[in-house]
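# Architecture and fold: a report
What follows is each chain in one-letter form.
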Amino acid sequence: MINIALPKGRLGEKVYGMFEKAGYACPSIREDNRKLTFENPETGVRYFWVKPSDVAIYVERGAADIGVAGKDILLEYSPDVYELLDLNVGKCRMCVAGPKDFRDDPSQTLRVATKFAHIARRYYASQSRQIDIIKLNGSIELAPILGLSDVIVDIVETGKTLLENGLAPLETIVPISARLIANKANYKFKYNEICTMAQRMEQALTQEK
Ligand code: PRP
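This text gives an overview of the structure that appears in the document. (Residues numbered from 1 in each chain as written. Predicted model: local features only at pLDDT ≥ 70, side-chain atom pairs only at ≥ 80, totals over all residues. Heavy atoms only, no water.)

## Quick notes on the site of the ligand
Put simply, the rule is: When we say a residue is near a molecule or strand, we mean one of its heavy atoms is within 4 Å of it. Two N or O atoms count as a polar contact when they lie within 3.5 Å, although within protein this holds only if one can serve as hydrogen donor and the other as acceptor, and sequence-adjacent residues are included solely when both atoms are side-chain atoms. Strands here mean DSSP runs of E at least two residues long; helices mean DSSP runs of H or I at least four residues long; both are numbered from the N terminus. Polar here means any residue outside two lists: the nonpolar Ala, Val, Leu, Ile, Met, Phe, Trp, Tyr, Cys and Pro, and the charged Asp, Glu, Lys and Arg; Gly therefore counts as polar.
What surrounds the ligand is the set Lys115, Gly138, Ser139, Glu141, Asp154, Ile155, Val156, Glu157, Thr158, Gly159, Lys160 and Thr161. One of the side-chain N or O atoms of Lys115 is found 2.8 Å from an oxygen atom in the ligand. At a separation of 2.4 Å, an oxygen atom of the ligand approaches a polar side-chain atom of Thr161. Only β9 (151-156) and α6 (160-163) provide two or more residues apiece to the shell around the ligand. Looking at the shell around the ligand residue by residue, the class counts come to 2 nonpolar, 5 polar and 5 charged.

What follows is the structure, encoded as structure tokens:
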């Protein structure tokens, strides 16, 4: 059995569709219930739904052999896992955003609100810009609106949330997409199964293009 942690939600459903196409179907996953684990002995897979930001924790600790996590989470928490494949879905970008007319005053410490403190710290350190991180857990866009911060570092997908709140993307830090990740020890134990799976996923991806 390969244990697979899928991110709960729309992205996870799309990603499950990719596994299905690659030959790892598990029909019971489509049943409308509140179960969290699903297995199919015929295809040798056991799936479980976890909170997207927790996938890397399950994989790093070996509770899941493989999983699907956003590059944002991998960059922020640097889990000790193998990154096997860019799945080319869940595409967005990590941005600095703020009021449309924002002008940075280098003589002042820049106040940055974010969920992604490490990414923000690394980005501004590379520019030798002095900042004050304000760590929030959600609705980051509120911070510059209420004067809690000057800018935010956050994920921008369509840009709609920023636009509807009078904000704009100011700089792109890094493009983001979903990645197939593997536990390092389990990758060795189940080398053939996991490699075959990654290859089939890659083939399914190329066929889609
Ligand atoms: C993310 C991000 C933005 C929004 C961007 O929030 O933090 O708020 O999506 O998407 P858009 O560019 O398409 O408008 P998420 O839904 O993950 O919730 P959060 O408020 O908990 O961060």
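## Some thoughts on the state of the cysteines
Cut-off, in case you're wondering: Two cysteine sulfurs form a disulfide in these notes if their separation is within 2.5 Å.
One pass over the structure, following the stated rule, counts 0 disulfides. Just so you know, Cys92 is unpaired, no disulfide at all, and the nearest cysteine sulfur is the one on Cys95, 9.0 Å from it.

## Some thoughts on the packing of aromatic side chains
Rules: Ring pairs are drawn from Phe, Tyr and Trp, using the six-membered ring of Trp, whenever the two centres fall within 6.5 Å, and their geometry is named by plane angle: stacked under 30 degrees, edge-to-face over 60, tilted for the rest. Only protein chains enter the accessibility calculation, which uses a 1.4 Å probe. A residue is then buried if its area is under 20% of the maximum for its type, exposed if over 50%, and partly exposed in between.
Taken as a whole and judged by the stated rule, the model has 6 aromatic pairs. Relative to Tyr47, the ring of Tyr16 has its centre 5.3 Å away and its plane inclined at 85°; by these criteria the two rings are edge-to-face. Taken together, the residues Tyr16 in helix α1 (residues 10-21) and Tyr47 in strand β3 (residues 45-50) connect sequence positions 31 residues apart. You can call Tyr47 buried: its relative accessible area is 0%. Ring plane angle 65° and centroid distance 5.2 Å describe the contact between Tyr82 and Tyr187, whose orientation is recorded as edge-to-face. With Tyr82 in strand β5 (residues 81-86) and Tyr187 in helix α7 (residues 184-189), this pair connects stretches of sequence that are 105 residues apart. Owing to a relative accessible area of 29%, Tyr82 belongs among the partly exposed residues under this scheme.

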